Amino acid sequence: MDLTCTAPPVSTSSQQVMFMSGPCLFSSNSDTVQVLSQLVFPGSDPLYLVSLALLCSQIETPGGAEQQTMRVYLRVRPFSKEELCDNEDQDCVVIENSQTVTLNAPKGSATMKSSEKGVGTSLHKFSFSQIFGPETTQAELFEDTVKSQMSDFLDGKNALIFSYGVTNAGKTFTIQGTPKDPGILPRVLDTTFHHIEGNQYEGMDLKPYLRNDAQYLDPDQVKQERSAKVAIFASVKEVRASYPREVSSSALQVFLQFLLSPSLVLASNPTDTGSSQFALWVAFFEIYNECVYDLLQPSLCSKSKKRSALRVCDDGAGNAYVKDLRWVNIQHLGEASKVLQFGNKNRSAAATKMNQSSSRSHSIFTMKLLKIDDGTVRRISEFSLCDLAGSERCNKTKTIGERLKEAGNINNSLLILGKCITALRNNQTDRMKSSYIPFRESKLTKLFQAVFCGKGRASMIVNINQCASTYDETLHVMKFSAVAKQVVQVIPDKPLESLAPCLVGRDGKPLVRMIDNQALESYLSEEELLDEEDEGDMSLLPQNELVNMIESLRTKLLAERRKNLVQEMEIRKEMGDAMIQQLMESEELRTRQIEELKESYQEKLENTFEMYKDAIKEHAYQSAMNNLEDDYVPLDEFIVEQEKVEVWDDRFKRLYKEKCAVERMCEDKQQVTRTKSALCISLLYVISLILLKMFVVQLILSLEKRLVELSETLKKVRDGFLEKSADLAALQRQSDDQVSQSQWE
Ligand SMILES: Nc1ncnc2c1ncn2[C@@H]1O[C@H](COP(=O)(O)OP(=O)(O)OP(=O)(O)O)[C@@H](O)[C@H]1O
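Residues numbered from 1 in each chain as written. Predicted model: local features only at pLDDT ≥ 70, side-chain atom pairs only at ≥ 80, totals over all residues.

**Some thoughts on the overall build of the protein chain**
Per the secondary structure count, the protein chain includes 19 helices and 21 strands. Burial status across the protein chain gives 33% buried among its 745 residues. Taking the contacts inside the protein chain whose residues are at least 6 apart along the sequence as the reference set, 75% of them involve residues at least 24 apart. (Helix = DSSP H or I, 4+ residues; strand = E, 2+ residues; numbered from the N terminus. Buried ≥ 20, exposed ≤ 12 C-beta atoms within 10 Å, placed from the backbone. Contact = placed C-beta atoms within 7 Å.)

Printed below as a string of structure tokens:
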């Protein structure tokens, strides 16, 4: 019986809530799970609750939902010639059997150094769902890994494959391959087209909307879709024309031949498509530095335009989707290859513009298969292939500036992915413990939360190389994958056909919706229906029994509430611890980054200095070379010139000699002059001496004369004195005589 209703503005998932919460699907224990999971992931959708309930309450899976650990495959790529020349082959990776591999630390690796110090071991053993050695072909890998997910996708279930590994380990080769050796993605497309062949919906008026719904397009919108598609394909033609003809055409031919080759179609019987029709829509985007960029936006090709980041939004039912992402309807394999080429071209163009290598971003190619019956979308299944960025850590890579930021973001999103996987695993192993799962902390995990939580099957292909130089990083990748391998996934065995997507119109408002009652019944398990009957019986019980039952239920409820409270407190504490831990880790990371930044600046400075030195040397050399070119003369002219130079040289020498002679003469003359002068000076000196002597003699003579005169004068004075004295004496005597006479008298 078909149930027709005018759907209220709610999404598919909110209708799932109705299905779940009607009959008593969960035991009291699983009710706890529901409360808890709403605490941990507010808005998480009920299908996830089913999976969590299965994990936590150990109850049998209703309707036979399948539980299995996540499939983790290992692919070891062969050595390149250069790597062999560089002595990278040191038996680091030894494949023991199809599921076990041993890693031997090479000399000089950090692991070996730690083991020599007694910390850890140099030998590590890992097991995988399956190991693919260097000789594995792309076809073999596809057969043994993707096939089961491929059938899931065609049966209406979701699938996710992501390739993980260090840079240059072969992730892109595995996902996309090369034109001559196509990888998983072209093979998935090939198989899908083979499956829907003859039943393709050509209307292009039913398009994916939000995460799980579909939108009805009016003729104008269809026209817009067609012209956008034409623009993309036209641009791809231009790309092809820009390559040398023989290369582009032959490579493309091989790729298209591959795509069209029936031999590569899945060996399994394609599911019977009945009268249903199918539409395949694809999107291609990348996450770079925690920003989502659409790789199918034509504007990206123009050099001047800056590409704009898209938002990751919630559809209201806990499902993340990329808002305004371009979805392209593809009708055949040729179109698929063009879309892929266009996206890759955009990716490398953007990478060049931003000076990044494409391996620095996570690229995601998503296909949505719409199953359409009588113009109504019955179900939508999704297949995403995610080529993760290289997993190397920033302490190894010499990262500066933008590189550091990008390495930080890559490491962060991979770290969050790792944390989600670890938390999922922990929650599953210790069911009393519900750790916070940080899906919403990175765009990558936010987008794939639904798949991890039971809305599809995820598998991981771990790519490694065998190089000794990247051993430590490879070991890190292997440890991460060992955790991933333990995650249990709950995959509903039925397609979500009963939860038919909500069909919305141009304005995004829901249109009339059909619900297949048969599918609805098949979705509700026998147990659930029996529960409903039990509920009916209860009303017939006597009043006292009902009162008792209410009492016991109240007691149970109180006990549950108490338990919930304790668990909530534990969760809050764990979340707090996790946040503190994360803060400490990010602090440590920042410190390390600053240290590295310092080191790298130092190194950069030294390099720049060296560069300048080299440039100056180069410049000097170039100038010398240029001068050499400018001054070039033929040999004959050179000899003539040389002879002239010799003549001039002789002349010059002669002149030089003459000049020297003249100089010598001048010098002699000067010498004579100097001698003459010296003689004159001597003569003058002698004359002056003579004159001086004469003057002195004269002086002496005059002094002598004066002395004589003075002596004479003195003599005269003395004589005069003597005379006078004699006179005086005579006078004295006279006087005495006179006195004596007088006395006598
Ligand atoms: N299985 C393989 N067989 C042969 N060649 C391979 C294989 N895997 C990878 N290669 C080659 O190794 C090189 C590196 O591979 P690829 O570019 O896929 O690495 P990657 O991990 O995607 O690197 P990045 O993270 O930098 O994008 C390429 O030249 C590729 O062709």
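**Some details on the UniProt feature "binding site: ATP" (unreviewed entry) in the protein chain**
UniProt records the feature "binding site: ATP" (unreviewed entry) for Gly165, Val166, Thr167, Asn168, Ala169, Gly170, Lys171 and Thr172 in the present numbering. Relative to the helices and strands, Thr167 is located in the loop between strand E8 (159-165) and helix H8 (171-175). C-beta crowding within 10 Å serves as the criterion here: with 16 such atoms nearby, Thr167 is assigned to the partly exposed category. Topologically, Asn168 is positioned in the loop between E8 and H8. Looking at Asn168, the number of C-beta atoms within 10 Å reads 18, which means it is partly exposed. (UniProt positions renumbered as here; feature names shortened; annotations may be inferred.)

**Some thoughts on the pairing of strand E18 (residues 457-464)**
Burial analysis of E18 places 7 of its 8 residues in the buried class, the great majority of the element. As paired strands, E8 and E18 are joined by 7 bridges and run parallel to one another. Bridge pairing links Gly165 to Asn463 in E18. (Pairing = 2+ DSSP bridges.)

**Here's the deal with the environment of Asp373**
Turning to its location among the elements, Asp373 is positioned in strand E16 (residues 362-373). In this structure Asp373 comes out as partly exposed when scored by C-beta crowding, with 15 C-beta atoms within 10 Å. Along the backbone, Asp373 and Tyr201 are 172 residues apart, and their C-alpha atoms lie at a distance of 9.8 Å.

**Considering the UniProt feature "coiled-coil region" (unreviewed entry) in the protein chain**
The feature "coiled-coil region" (unreviewed entry), as given by UniProt, occupies residues 584-618 in the numbering adopted here. Between the first and last C-alpha atoms of residues 584-618 the distance is 49 Å; the span itself is 100% helix and 0% strand.

**Brief notes about the sheet that holds strand E6 (residues 123-127)**
What the 3 strands build is an open sheet, ordered E4-E5-E6; its pairing is antiparallel. Of all the strands in the sheet, the pair left with one neighbour each is strand E4 (93-95) and E6. The sheet shows a mean angle of 20° between the axes of neighbouring strands, taken without regard to direction. (Axes fitted to C-alpha atoms, helices over the stretch in contact; angles between N-to-C directions.)

**Remarks on helix H14 (residues 443-452)**
The element H14 is extensively covered by neighbouring structure, given that 9 of its 10 residues are classed as buried. The first or second residue beyond H14 is Gly454, which carries a positive phi of 100°.

**Points about unusual backbone geometry**
Unusually for a residue other than glycine, Asn87 sits at a positive phi of about 60°. Summarising the element assignment, Asn87 is placed in the loop between helix H4 (81-85) and E4.

**Overview of helix H7 (residues 147-154)**
The set of residues buried in H7 consists of Gln149, Met150, Phe153 and Leu154. Around the axis of H7, the buried residues are gathered within 140° of arc, so they sit on the same side. Taken together, the buried residues of H7 touch E8, helix H9 (184-196), E16, strand E17 (376-387) and E18. Just past H7, the residue Gly156 takes up positive phi, approximately 100°. (Arc of directions from axis to C-beta.)

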